[in-house]
Amino acid sequence: MNDSGTATSRVIGVRHHRREVCVTVAVWTAAMSVIGLLIWILTDIAVRGLAEIDFGFLISDMQNAGREGGIGPIILSTGLILLVCLVVSIPLSFGTAIALTERIGQETGFACNVRRSLDVLAGVPSIVFGLFGNAFFAITLGLGYSILSGGLTLACMVLPILIRTSEQALRAVPAEYQYAAAALGMKRTTILFRVVLPVAMPALAAGVVLSIGRALAETAALLFTSGYVARSPESLLDSGRSLSVHIYDLAMNVPGGGARAYATACVLVALLLMINLATAFLLRMTGVRHRSTTGGTC
Amino acid sequence: MRSDRSLTIVTRTLAAISAAIVLLIIGFLLREAAPALRQLGLSRFFTDESWHPLSSQFNLTPMIVATLVTSAGAILIAAPLGIASAVFVNFYAPHRLAVWHRRLIELLAGIPSVVFGLWGLMVLAPIVATFGGSGQNLFTATIVLGLMVLPTVALLSDAAIAALPRPWIQGAAALGMGRSAIIGWVVLPGARRGIGSGIMLALTRAFGETMAVLMLAGNIVEMPSSLLSPGRTLNANIALELGYATAGHRSVLFVSGLMLMLVVSCIVLLISHRRGHQA
Amino acid sequence: MKYFLSMSFVLLCLTLAGCTSSPSTNSNSNELSGQLTLTGSSTVAPLAAEIAKRFERQHSKVRIDVQTGGSGKGIADVRRGVADIGMASRRLASDETDLTAHQIAADGVGLIVHQSNSIAELSPDQIIAIYTDKSNNWQDVGGDDKKITVVHKAEGRATLEVFLKHFGIDNPSVKSDVIVGENEHAIKTVAGTEGAIGYVSIGTAEADIESGVPIRLLPLDGVEAKTVNVASGAFPMSRPLNLVTADPSSQLAMEFIQFCQSADVHDLVKSQYFVPITKGSDIAK
C-alpha cells in the first residue's frame, strides 16, 4: 500500500517534471524565435543603412529628393509632431482611463460604451485617419498641412492604445491600497495622485512608449496632414515631413533612394531606442525616490 | 469633496471626448460614402461579379474575406508568441535577458510598417516564393502582420502579469505547485483580463494596418483559394486606389472603409457581448 | 527748361518702371512674394519639390509647399481651391476640362523582366496574350520553361491607363498574379521573382538598373526602352507629367509654372530620371 503510494507519487513527480521541461522548452523557443526574428529585421536594416550614416547626415538639409544630403529638418519635424501628439493624447487618455476605472469591480454603462467606441476606433485604417485629419483638422479647422494637424491626427490614432494601456495600469493597482487609503479618510483625488498614479507609473510609461512607437511608425495618416515639405519648420503651422513619410517616399517613389531609406530607418530605430532607455531611466529614478519615501515613513 | 466632484466631471468629459472621436470619423466616412450608397445601394457591393470600379463592378466580398483571414492569422501567430514572451520575461529569463527582451519588443513596436513591408518584400517574399509564384500572398502578409501586432500582445500581457499580486504566486509556490502549474493555474487566469485586452487591441490593430499588407499581399481581388493565394484587404484597397480615384470611384472606396468599420464593430460587439455573458 | 525737366522726369519714371517690371525671374527681383501650395501625384512630387527649392532660392520672399497624395487628390484639391497647383502624372480626363494642364516633363512606360530571363523582345500580341492569361509559361513566347508571374498596376494609375490604351486591353479582362501601386514596388517584385513581367516608368527602371537591381527593360516595337528614345519621340508608350491649374490662377502660380517649363530646370528633370520637354515638341500629346 505504502509502496504503491510512493510509486504513484513518483509517477506523478516524473510526469510533473516532464511537463515542466516541456513548458520551459516551449517558452524558451517562443521567446528566442521572437528575438531571432527581431534581430534578423534589425540587422537587415542596419546592414543596408548604417554605411550611409554620419554626423552630417543627421543635421544637414535634404538634397536631390533625398538621394543626397541629410535628414536634419525631418528629425526636427518628427520631434515636433510627436510633441503635439503626446501633449494632447496623454491628458486625454489618462483622464479617460481614470473615468473608466472610477468604480472598482462594477462596470458602468458609460464606461462600457466608451470602451466599445474606443475598440472600434482602434480598427480604423491609418489611411482613413489621414483622410479624416485632412478633412477635419486641415480644412474644417483651417490648420492646413501643418505639424499641428499631423500631431492631432496622430493623437486620435494612439488614443485607443494609450487608453487601454493606462486603464490596465490603473486597474492593476491592488484594490486594497485604495481601500486602505479611503479608510484613512483620504479624498478620491488625493488617493489618485498619491497612491494610484505612483504605483501605476511604470505600466503607464510602458503604454506611452508603445504609443510613441505607433506614432513614429505612422506613414499614411501623416502624408495627408503634416505633409511632405522637407524644409525646417518655423512654427507648428508649417508643414513638416516625418521620418516614416521620408522612408516611404525614398523606398517607393524615389528611384535609387533605397539605401537612404534604410539609413533613415536606422535613425528612427535608434531614436526609439533612446526614448525607451530614457523612459526606463526616468522610471528608475522615480521608483527609487518612491521607495525611499515609503521607507522613511515606515 | 468638491475636488472629487470636479475630478469626476473632468475625467468624464475627457472620456466623452475620446469616445466622440470615433463618431466624428464614422460621420465623416458616411458623408463621403453617401453618394455611392445612394446611387448603388448596399447589395451591389456583395452581388457584383468582381471589383473593377472603373467598369462599374463593385464586389467587396473577397476583400472582406482577405481582411478577416490575414487578421485572424496574424492573431494566431502573435497571441501564443506574445503571451509566451510575457511569461518568459516574468518567470524564465535571467534578469539581464528579461530587460533586453522587453526593450527589443518595445523597439519592434516602433518599426514603421513601410520597413516591415520592405523586409517582407526583400527577404521573406523570395523565401516564400520557393513554394511557387511571387511570394506576395496572404501567407507572407499574415506572417509580417503577426510580427507587427506581436508587441501589443506581449507588452500588455507583460504588464498584466507583472501587476499580479506577488502573494498569489508565492502562495502557489508554497503549496508545492511547479512553475508551469503556477503559470497555467494562477498567472494566466489572473491576468486574463489584461491579456484579453492585449489580444483585442492587437486584432483591431491588425484590421487597421495598411502599408505592410499592401506591399506583401499581392492585391489581387479574388476569393482566396488557399493561404498561398494572393488577396487584397479592404484597407489596402483604399490605400492603393484612393490617390488616383475620381469622384464616383472615390466615394465607392469610402464604402469599403465603412465596411471595414462595420466588420470591426461587429467583432468588438460580439466579444464584449460574450464577455458580458461570462461575467 | 520747365519742359525739359518734366521730360526728364517722365523718362526717369519710364526707366524705373522698366527696371522693376522686366526682370521678374532675376535673382534680385523683389516683387514676387507669397505662398504656393502644390498637391497631387507622388511621381511628380519629388521633381516639383526640387524645382520649388531652386525657385525659392531665386525669390527669397516666395514659399512653395509641395504635398503629395496622388493625381486624383491634386485635381480635387485644385477644384476646391485647397491647392494653387495640382500635380498629375496623366492627361486630364474628359470630365476635367474645367482645368488647364501645363506639361513640365514626359515619362516613358516600359516592360520589365528579371535579368535572368532569356527573352529578347515580345510582340504586342504576345504581351496581350500574357496579360489576358492566354500564355502562362515563358515557353509559349519563346523563353525558358518557367511560369509567368504577371505584375499589374492598381486601377486608376496613370501607367496602367497608358499601358491598357497602348495595347487596347480593357482592365477586367486582365488576369494578373500581383497588383502593385508604385513603380518601385513593381520593380522590387520583378527583381525578386525570376518569372515575372511588369511595366513601369522607364526613368525609374533605368535608375534602378544603374544601381544594380537585377531587372531588364524590354524593347517595344523594335525601339529600345530608354529615356533618350522617349525624348526623341521614337518610343511609343509614354505619358505627360502635368501641373494643373483652375482657370484664374495667380501671377505667382503662372510664374512658377513658366519656370518649371523653362530650360533652367532641365538638369533637375534629368536628375529625377524624367524627360525634359522643349516647347513645341509633343512627345506625349
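Predicted, not measured: the structure shown is a model, and the values here were computed from it.

**Focus on the interface of chain A and chain C**
So, step 1. Opposite the 24 residues of chain A that make contact, chain C presents 28 residues.
So, step 2. Both faces considered, chain A and chain C share a buried interface measuring about 2,100 Å² in area, 50% of it formed by carbon and sulfur atoms.
So, step 3. If you look at where chain A meets chain C, you find four salt bridges.
So, step 4. We note a salt bridge from Arg-231 of chain A to Glu-56 of chain C, for which the minimum N-O separation is 2.3 Å.
So, step 5. At the surface where chain A touches chain C, the tally comes to 13 residue pairs in polar contact (both at pLDDT 80 or more).
So, step 6. At the level of secondary structure, the elements contributing two or more residues to the side of chain A that touches chain C comprise strand E1 (62–63), helix H5 (126–140) and helix H10 (243–252) of chain A.

**Some details on the interface of chain A and chain B**
So, step 1. Contacts between the two partners involve 84 residues from chain A, matched on the other side by 80 residues from chain B.
So, step 2. At the boundary of chain A with chain B, the tally comes to zero salt bridges.
So, step 3. The tally of links from chain A across to chain B stands at eleven residue pairs in polar contact (both at pLDDT 80 or more).
So, step 4. Within the residue set of the side of chain A that touches chain B, elements represented by two or more residues are helix H1 (2–49), helix H3 (72–100), helix H4 (109–122), H5, helix H6 (147–171), helix H8 (188–217), H10 and helix H11 (258–297) of chain A.
So, step 5. With 20 residues, the single largest contributor to the side of chain A that touches chain B is H1 of chain A.

**Describing the packing of aromatic side chains**
So, step 1. In this structure the tally under the stated criterion is 15 aromatic pairs over all chains.
So, step 2. An angle of 90 degrees between the planes, with centres 5.2 Å apart, marks the rings of Trp-40 of chain A and Trp-119 of chain B as edge-to-face. Taken together, the residues Trp-40 of chain A in helix H1 and Trp-119 of chain B in helix H5 (residues 113–128) connect one chain to another.
So, step 3. A relative accessible area of 35% places Trp-40 of chain A in the partly exposed class.
So, step 4. Measuring from centroid to centroid gives 5.5 Å for Phe-132 of chain A and Phe-136 of chain A, while their planes differ by 10 degrees, and the two rings are stacked. Placement of the pair is Phe-132 of chain A and Phe-136 of chain A together in helix H5, with a separation of four residues, close to one helical turn.
So, step 5. Since its relative accessible area comes to 2%, Phe-132 of chain A is described here as buried.
So, step 6. Given a relative accessible area of 23%, Phe-136 of chain A falls into the partly exposed group.
So, step 7. An aromatic cluster of at least three residues, connected via ring pairs, comprises Phe-132, Phe-136 and Phe-137 of chain A together with Phe-28 and Phe-254 of chain B.

**A word on unusual backbone geometry**
All names here are of chain A.
So, step 1. In this structure, Asn-64 takes a positive phi of about 50 degrees despite not being glycine.
So, step 2. In this fold, Asn-64 is placed in the loop between E1 and strand E2 (68–69).
So, step 3. In this structure Asn-64 comes out as buried when scored by relative accessible area, which is 16%.
So, step 4. The backbone of Ala-65 shows a phi angle near 60 degrees, a positive value even though the residue is not glycine.
So, step 5. One can find Ala-65 in the loop between E1 and E2.
So, step 6. In this structure Ala-65 comes out as buried when scored by relative accessible area, which is 4%.

**Quick look at the nonpolar core**
So, step 1. In this structure, Leu-121 of chain A together with Ile-25, Ile-111 and Phe-116 of chain B are the most contacted members of the largest nonpolar core, which totals 178 residues.
So, step 2. Looking at this core element by element, the count peaks at 15 residues for helix H3 (residues 61–92) of chain B.
So, step 3. Once residues lying within four places of it in the same chain are set aside, the contact partners of Phe-116 of chain B are Ile-41 of chain A together with Leu-108, Ile-111, Val-144, Leu-147, Met-148 and Ala-212 of chain B.
So, step 4. In terms of nonpolar packing, the next biggest core, distinct from the first, is built from 45 residues, Leu-122, Val-141, Leu-160 and Val-200 of chain C among them.

**A closer look at the domain arrangement of chain C**
Interfaces are often described in size by the accessible area the parts lose on coming together.
Residue and element names in this part refer to chain C.
So, step 1. Here chain C is described as being made up of domain 1 (33–106 + 241–276) and domain 2 (108–232).
So, step 2. Counting residues at the interface gives six residues for domain 1, matched by eleven residues for domain 2.
So, step 3. Together, the buried faces of domain 1 and domain 2 total about 720 Å²; carbon and sulfur atoms form 62% of this surface.
So, step 4. If you sort the residues of domain 1 by the area they bury against domain 2, Arg-90, Tyr-273 and Val-275 come out on top, with a joint share of 64%.

**Some points on the confidence of the model for chain A**
So, step 1. In the predicted model, chain A carries a mean pLDDT of 85, and 91% of its residues have values of at least 70.
So, step 2. Contacts for the low-pLDDT stretch residues 288–298 of chain A, under 50 throughout, to residues beyond four places or in other chains number one contact.

**Here we look at a nonpolar patch on the surface**
All names here are of chain B.
So, step 1. Nonpolar side chains collect at one region of the surface, where Val-69, Phe-131, Phe-139, Leu-227 and Leu-228 lie side by side and expose about 450 Å² of accessible area between them.
So, step 2. Relative to the assigned elements, Leu-228 resides in the loop between helix H10 (211–216) and helix H11 (234–241).
So, step 3. Leu-228 sits in the partly exposed class, given a relative accessible area of 40%.

The rules we used
- Residues numbered from 1 in each chain as written.
- Chains lettered and ligands numbered in written order.
- Predicted model: local features only at pLDDT ≥ 70, side-chain atom pairs only at ≥ 80, totals over all residues.
- Heavy atoms only, no water.
- Contact = heavy atoms within 4.5 Å.
- Buried area = accessible area lost by both parts, 1.4 Å probe.
- Salt bridge = Lys/Arg side-chain N within 4 Å of Asp/Glu carboxyl O.
- Polar contact = N/O pair within 3.5 Å; in protein donor to acceptor, adjacent residues only side chain to side chain.
- Helix = DSSP H or I, 4+ residues; strand = E, 2+ residues; numbered from the N terminus.
- Phe/Tyr/Trp six-rings, centres within 6.5 Å; stacked < 30°, edge-to-face > 60°.
- Buried < 20%, exposed > 50% of the residue type's maximum accessible area, 1.4 Å probe, protein only.
- Core = buried A, V, L, I, M, F, W, Y, C linked by side-chain atoms within 4.5 Å.
- Domains from an automatic or database assignment.
- pLDDT = per-residue confidence, 0-100.
- Patch = residues over 30% accessible without salt bridge, like charges linked within 9 Å, V, L, I, M, F, W, Y side chains within 5 Å.
- Areas by Shrake-Rupley, 256 points an atom, 1.4 Å probe, with all protein chains shown as cover.

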